[in-house]
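What the coordinates show
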Amino acid sequence: MSLRSKIAGIGMYVPKNVFTNNDLTKYMDTSDEWITERTGIKERRFADRSGETTTTMAVEASKIAIERAGITAQDIDFIVFATLSPDYYFPGCGVLLQRAMGMKDVGALDVRNQCSGFVYALSTADQFVRSGMYKNVLVVGSEKHSFGLDFSTRGRNVSVIFGDGAGAVVLQPTEEEDQGILSTHLHSNGNGAEILAMYNPGTHANHWIKDQKLADFDDAEIGEMFFSHAMIDNAQVFPFMDGPSVFKVAVEKFPAVIVESLEANNLKTTDLNLLVPHQANLRIAQFVQKKLQLRDDQVFNNIQKYGNTTAASIPIALCEAWEQGRVNRGDLVCLAAFGSGFTWASALLRW
Ligand SMILES: CC(C)(COP(=O)(O)OP(=O)(O)OC[C@H]1O[C@@H](n2cnc3c(N)ncnc32)[C@H](O)[C@@H]1OP(=O)(O)O)[C@@H](O)C(=O)NCCC(=O)NCCS
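Nothing here was measured: the structure is a model prediction, and the numbers come from that model.

So, about the packing of helix α3 (residues 54-68) against helix α4 (residues 93-100). At a minimum axis distance of 9 Å, the contact between α3 and α4 shows a crossing angle of 55°. When the axis of α3 is compared with that of α4, the two are oblique. The crossing of α3 and α4 is right-handed. Contacts between α3 and α4 pair T54, T55, A58, V59 and S62 from the former with C93, L96, L97 and A100 from the latter. Class assignment of the residues belonging to the contact of α3 with α4 gives a composition of 6 nonpolar, 3 polar and no charged.

Written as structure tokens, this is what we have:
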């Protein structure tokens, strides 16, 4: 049998600071009722403002994943780090993690695929393990969203959704016939790039934005400089999201990429022990569950506690599912994601 990769260890870290929906009402005009009804979210974690970064949270999750894999940081031979909220514009968080964990001078790759980031990172790592090039690949998703959101009423449609946290796995080779990542499926379509995006700072010079009918972004100044006072004054340094448009595409692509992974392996939805969808929005996950006719015990959600943690959401959810005994040796598990880009992706694996 050819070599496959398996998840040998998994870890997660969320900041201690819990922010409930009611806490958000101190900053913006919103309500627990609105947020719960539209998203399912009840609370999220926010990183310590100066004590924690995207990288430091990743370190905490990685330590646990590495220990559970029965190795040390010195054994890691490659890092794949997914985030949209890096410590620096450049260099990426991969090298900061390598330094913080005192690893050897191993390769570090940063993945910028937002909510699909972890599945893209996992797929990339899987190829390195399958080819025999690396034996212990650390795959991380980590986000410190709280630093880059507009917590005034102006930004409420975006800021109530997101939270901070990190998750990590160690991939190792396996020759067991009934174990490991069976396949991964990656997609993108850039036609929706501006529907969920953070435009600034950037080099776009209005090139892509000027023809888009984006209600919040019709100011001529946007993008004419890399960074300007006007951008700050006009709140153009925050993420933009046309929520209803994102919702429509998400509920189409999520089920499609899950079915694609099952069909590629001659399996059916009834064979699935657990679907761990990217925690975008509980309503989206419920829509997908209904469309695929999955039972409650076949789907894992924890967005209620953490909000949408983008690249970190799947490893955090998978880690909690594993810790709760919802994932066992031999189980068929599907990881599926959709997000900004648009990008969408899935991974089907036998635990
Ligand atoms: C964001 C989302 C929850 C908004 O729900 P929606 O039902 O589409 O709501 P709308 O954007 O149409 O806004 C409805 C109203 O609520 C208001 N509103 C927006 N955010 C609000 C908030 N946090 N609190 C209270 N009211 C809010 C709007 O201003 C609007 O008011 P109006 O009718 O007076 O104009 C929903 O579109 C969604 O979940 N989209 C997908 C987002 C997602 O998953 N993103 C991550 C992808 S990885």
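Another aspect to go through is the sheet that holds strand β11 (residues 274-277). A sheet is described by the order of its strands in space; here 4 strands give the open sequence β8-β13-β12-β11, paired in mixed fashion. Edge positions in the sheet fall to β8 (180-188) and β11, since each of these pairs with one other strand and no more. Each strand of the sheet is rotated relative to its neighbour by a mean of 10°, with strand direction disregarded. Helix α8 (residues 243-264) rests against β8, β11, β12 (332-339) and β13 (343-350) of the sheet, and its axis sits at about 35° to β13.

Before going further, it helps to examine the domain arrangement of the protein. Taken domain by domain, the protein holds domain 1 (4-174), domain 2 (180-191 + 242-350) and domain 3 (201-237). Look at where the C-alpha atoms of domain 1 and domain 3 centre, and you get two points 28 Å apart.

Quick look at the environment of F254 now. Secondary-structure assignment places F254 in helix α8. Judged by the 26 C-beta atoms lying within 10 Å of it, F254 is buried. Measuring from C-alpha to C-alpha, the distance between F254 and A235 comes to 31 Å, with 19 residues separating the pair along the chain. Beyond its immediate chain neighbours, meaning those up to four positions away, F254 contacts P277, I284, V288, A336 and F338.

Let us look at the site of the ligand. Around the ligand sit 20 residues in total, of which T30, R156, N157, G243 and A280 are the nearest. At the level of elements, α2 (32-39), α6 (156-159), α8 and β12 are the ones that each hand at least two residues to the shell around the ligand. With 5 residues, the top contributor of residues to the shell around the ligand is α8. Classifying every residue of the shell around the ligand by side-chain character gives 11 nonpolar, 7 polar and 2 charged. Residue-level mapping places the shell around the ligand at the junction of two domains, with at least three residues from each of domain 1 (4-174) and domain 2 (180-191 + 242-350).

Next up on the list: the sheet that holds strand β1 (residues 4-13). Spatially, 5 strands are ordered β1-β7-β6-β4-β5 in an open sheet, and the strand pairing comes out mixed. Looking at which strands have only one partner, the edges of the open sheet turn out to be β1 and β5 (107-111). Ignoring which end each strand starts from, the neighbouring axes of this sheet average 20° apart. As defined by bridge partners, β1 adjoins strand β7 (residues 165-174) across 9 bridges and the pair is classed as antiparallel. The residue bridging S5 from the neighbouring strand is P173, located in β7. Those strands touched by α4 are β4 (78-82), β5 and β6 (137-143), and its axis lies near 140° from that of β5. In the packing of helix α5 (residues 117-130) onto the sheet, the strands contacted are β1, β4, β5, β6 and β7, and the crossing angle to β6 comes to about 170°.

What counts as what
Residues numbered from 1 in each chain as written. Predicted model: local features only at pLDDT ≥ 70, side-chain atom pairs only at ≥ 80, totals over all residues. Axes fitted to C-alpha atoms, helices over the stretch in contact; angles between N-to-C directions. Helix = DSSP H or I, 4+ residues; strand = E, 2+ residues; numbered from the N terminus. Parallel < 35°, antiparallel > 145°, perpendicular 65-115°, else oblique. Left-handed = near helix turned anticlockwise from the far one by under 90°. Contact = placed C-beta atoms within 7 Å. Nonpolar A, V, L, I, M, F, W, Y, C, P; charged D, E, K, R; others polar. Pairing = 2+ DSSP bridges. Domains from an automatic or database assignment. Buried ≥ 20, exposed ≤ 12 C-beta atoms within 10 Å, placed from the backbone. Near = placed C-beta within 6 Å.

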